[in-house]
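Chain by chain, the residues:
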Amino acid sequence: MTDINYKMDLLVSMNEKLALDQRVLKMITDNSGDMYIYYDFRNGLNVKLYGNWDRIAGNGITNSPFDRAYMSSLIYDDDWKYFMETFIDMEQRGEKKASGEVRIADKRGWFRCDGIVNYDEKGQPVEKLLCFSDITRMKAQHEELQYLAYYDSLTGIFNRNHFVSILRNMCEDAEKNKTSVELLFIDIDDFKKINDSIGLLLGDELVQAFAGRLKEYAGDFIKAGRFGSDVFSIAIYDPGGTRRAESVYHDVCEDLRKPFVLSNKKEVRFTISGGVAEYPEAGRTAFELVKNAEIALFKAKEKGKNNIQYFEMDMLNSFIKSVSTEERLKEAIENEDFELYFQPQFFAADNKLRGAEALIRWIDENGEIAMHPTDFIHIAEKNGAIIPIGNWVIKDAMRIVSEWCETYNFPFILSINISAIQLDKDNFVDSIRHALNLYGVKAECIELELTESIFLEDSEKARHKISQLRKMGFRISLDDFGTGFSSLSYLKDLPIDTLKIDKSFVDTAIKDKATNIITESVVDMVNKLGLETIAEGVEEQKQYDYLKKIKCDVIQGYLMGKPMSKGDFEKLFIGQITD
Ligand code: C2E
Ligand code: MG
Ligand code: MG
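Given the structure is predicted, the values throughout are model-derived calculations rather than measurements. (Residues numbered from 1 in each chain as written. Chains lettered and ligands numbered in written order. Predicted model: local features only at pLDDT ≥ 70, side-chain atom pairs only at ≥ 80, totals over all residues. Heavy atoms only, no water.)

(A) Fine view of the sheet that holds strand β1 (residues 35–40). Overall, antiparallel pairing links the 5 strands, which are arranged β2-β1-β5-β4-β3 in an open sheet. Of all strands in the sheet, those bounded by a partner on one side alone are β2 (46–51) and β3 (97–103). For this sheet, the mean angle separating the axes of adjacent strands, direction not counted, is 15°. Taken strand by strand, helix α4 (residues 77–88) contacts β1, β3, β4 (110–119) and β5 (125–134), and its axis lies near 165° from that of β3. (Pairing = 2+ DSSP bridges. Helix = DSSP H or I, 4+ residues; strand = E, 2+ residues; numbered from the N terminus. Axes fitted to C-alpha atoms, helices over the stretch in contact; angles between N-to-C directions. Contact = heavy atoms within 4.5 Å.)

(B) Focus on the layout of surface pockets. Its volume calculated, the largest pocket comes out at about 2,100 Å³. Listing elements by their share of the lining of the largest pocket, those giving two or more residues are β6 (180–188), α7 (191–198), α10 (286–302), α12 (373–383), α14 (420–424), α16 (452–456) and α17 (460–472). For the lining of the largest pocket, the element with the most residues is α7, which contributes 6 residues. Looking at which domains feed residues into the lining of the largest pocket, each of domain 2 (151–311) and domain 3 (341–360 + 390–578) gives three or more. The space that makes up the second largest pocket amounts to roughly 1,400 Å³. Its residues assigned to classes, the lining of the second largest pocket shows 14 nonpolar, 15 polar and 12 charged. (1 Å grid on protein atoms, 1.4 Å probe; cavity = no way out; pocket = protein on both sides within 12 Å on 5 of 7 lines; lining within 4 Å. Points joined across faces, edges and corners; volume = space filled by probe spheres on them. Domains from an automatic or database assignment. Nonpolar A, V, L, I, M, F, W, Y, C, P; charged D, E, K, R; others polar.)

(C) Layout of the coordination of the magnesium ion (ligand 2). Within the protein, the magnesium ion (ligand 2) binds to Glu 357 (OE), Asn 417 (OD1), Glu 449 (OE) and Asp 479 (OD); these donor distances fall in the range 2.0 to 2.3 Å. In the primary structure, the donors to the magnesium ion (ligand 2) are separated according to the pattern E-x59-N-x31-E-x29-D. Here the magnesium ion (ligand 2) and the magnesium ion (ligand 3) are spaced 3.8 Å apart, and both take Asp 479 as a donor. In this pair, Glu 449 sits in strand β17 (residues 446–451) while Asp 479 sits in strand β18 (residues 475–481), placing the two residues 30 residues apart along the sequence. (Donors = N, O, S within 2.8 Å, 3.2 Å for Na, K, Ca; no water.)

(D) Structural context of the domain arrangement of the protein. Taken domain by domain, the protein consists of domain 1 (33–136), domain 2 (151–311) and domain 3 (341–360 + 390–578). Here domain 2 and domain 3 have C-alpha centroids that lie 42 Å from each other.

(E) Main features of the site of ligand 1. Around ligand 1 sit 22 residues, and of these Glu 357, Asn 417, Asp 479, Glu 539 and Tyr 558 come closest. Asp 480 has a polar side-chain atom sitting 3.0 Å from an oxygen atom of ligand 1. Between ligand 1 and the protein, one listed contact pairs a nitrogen atom with a side-chain N or O atom of Glu 539 at 2.6 Å. Burial of ligand 1 by the surrounding chains reaches 83%, relative to a free accessible area of 800 Å². Because more than half of its atoms lie within 2 Å of the grid, ligand 1 is assigned to the second largest pocket. Secondary structure elements with two or more residues in the shell around ligand 1: β14 (353–363), α12 and β18. (Near = heavy atom within 4 Å. Polar contact = N/O pair within 3.5 Å; in protein donor to acceptor, adjacent residues only side chain to side chain. Areas by Shrake-Rupley, 256 points an atom, 1.4 Å probe, with all protein chains shown as cover. Sits in = over half its atoms within 2 Å of the grid points.)

(F) Here's a closer look at the sheet that holds strand β12 (residues 308–310). Strand order across the open sheet formed by 5 strands is β7-β8-β6-β11-β12, with mixed pairing between neighbours. Two strands close off the open sheet at either side, each with one partner strand: β7 (222–226) and β12. Each strand of the sheet is rotated relative to its neighbour by a mean of 20°, with strand direction disregarded. With 8 bridges joining them, β6 and strand β8 (residues 231–238) adopt antiparallel strand pairing. Residue Ser 180 lies in a different strand from β8, and its bridge partner there is Asp 238. This element, α10, spans β6, β8, β11 (272–279) and β12 of the sheet and lies at about 145° to β11.

(G) How the structure looks around the packing of aromatic side chains. Across all of its chains, the model carries 30 aromatic pairs by this definition. Measuring from ring centre to ring centre gives 5.3 Å for Trp 362 and Phe 376, while their planes differ by 85°; the resulting arrangement is edge-to-face. Here Trp 362, found in strand β14, pairs with Phe 376, found in helix α12; they are 14 residues apart in sequence, far enough to count as distant. When sorted by exposure, Trp 362 lands in the same class as Phe 376, which is buried. Grouped by ring-pair contacts, the aromatic residues Phe 342, Trp 404, Tyr 408, Phe 410, Phe 412, Phe 569 and Phe 573 constitute a single cluster. (Phe/Tyr/Trp six-rings, centres within 6.5 Å; stacked < 30°, edge-to-face > 60°. Buried < 20%, exposed > 50% of the residue type's maximum accessible area, 1.4 Å probe, protein only.)

(H) Fine view of the packing of helix α13 (residues 386–408) against helix α15 (residues 428–439). The N-to-C vectors of α13 and α15 enclose an angle of 30°; their axes lie 9 Å apart at closest approach. Considering the angle they form, α13 stands roughly parallel to α15. Here the hand of the crossing between α13 and α15 comes out right-handed. Of α15, the residues touching α13 (which contributes Asn 391, Ile 394, Lys 395, Met 398, Arg 399 and Ser 402) are Phe 428, Ser 431, Ile 432, Ala 435, Leu 436, Leu 438 and Tyr 439. (Parallel < 35°, antiparallel > 145°, perpendicular 65-115°, else oblique. Left-handed = near helix turned anticlockwise from the far one by under 90°.)

As structure tokens, this is what we get:
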């Protein structure tokens, strides 16, 4: 092969290789989704475009010379100056690399721009490559992530994490400036009920609308956040040291007089409970403030909602006690460490046994009373443990009644205390029917004691259940009359058979003229309505005599017999039968 042929072949193969490299390069740039501008400075300025320009810029940019005016029309005005300074003249400043982000002209998207310049040995620019990547989606995702990191997605106010970090900063500022921070927790009263009645979606709408109102209080020194489903938090830092949590709470309450109008045009109103923990008294860290404001909020709920409570050390102690009771109760439920005691009830007219009230006793490992029901029933009601406890009581009471009916064949009524939480359970009527059938007990032998709150709430559901129970033959009694609302006028409409007058009433009736008159009117009216009256907590003979005189039907109290074990009660039973 001649030299010239050899060179010719070499050139052809080099050309082929070059063409192949160019094709590969073109494929890469075209498919990268990015846009490139290549500047060749060697023979005057020569500009070439590669990549995906058509998608956003059309074919508007002329290849040579580089069209600055057109480029500026692609980039958002406010970013053009920055773009020029950073990328267009970078070779004049001798810069080798630059990168940055600019908005696309219509502001709907973002470019990331990277520039590289190569220089010759004399420092003269040889070539420059600008690469534009569309980062609109990445940016949106990033912004969304950032938003989610700080804000609650439903309401747009600060989320729990960010709120706590703001609170932490406020505590640090308060420490430096020797001033205070207040943390106010706000909880919508009976939110679960509202949610059940309007549905989850409108419930969300309500939460959003309420957050919207809270947002209006936010400013330089007041920050609002959402802590949980219907729990909101407001942190107040006042450099001047003025404490404002209570007035903010009252302002929000005032605001709530205006109803919320939801998208279904329905108006919803609610009240709120508030709990406050103050720095430094109630906690020196954000964590402590949160914990203690929550405890104060619990207290406000316990006090009947629609009020505000400030954290006090006593609350923490009783909270710790109730947490330990909860733990012990859990174990007691598993081991069924309970026993029923029975307190006899006697007809006032002839002193004959009417029946008994079943009262739960929690028995510890030494066979002693672990804790009285007044100390644990309300805790069990709060944490839901009343359901298994109540089920146990119903079953055990039925079991014992069936045994007594078989053994003694004596007319007898056993009263069982039913908590509002139990009655509220959807399957309550079925479960009590099941227990009745399981032990073959007649419903007429059982009286269910309910408290006033059930009737006061005027819940259709509760009334329907009560009427079902009465149809089945159960007697219904209203327990603790005189401790709550106790309106005489509403008594006449209640679906009850028996009214139990509370000990507090009985105690004052013979001492206080006014209570005396009220007690007499109650008994008189209840008699006229054809209902039975039982006086509770009768400890003295003169109380007994008085109650008998005013025609109270049944007497229950220490005077006649304290709550006693099943064995002791059976002895009393036998005494009655043989009398
Ligand atoms: P209650 O239903 O009003 O029961 C009457 C309470 O008064 C009983 O207290 C009883 O021992 C007490 N008592 C009765 N006579 C006298 C008296 O003459 N003087 C005094 N000082 N007290 C008297 P106990 O057994 O401690 O129960 C307290 C409350 O706990 C009950 O009040 C009831 O609300 C609740 N409870 C008790 N057992 C149960 C249960 O099985 N289920 C539910 N849900 N609650 C229960
Ligand atoms: Mg009772
Ligand atoms: Mg009672």
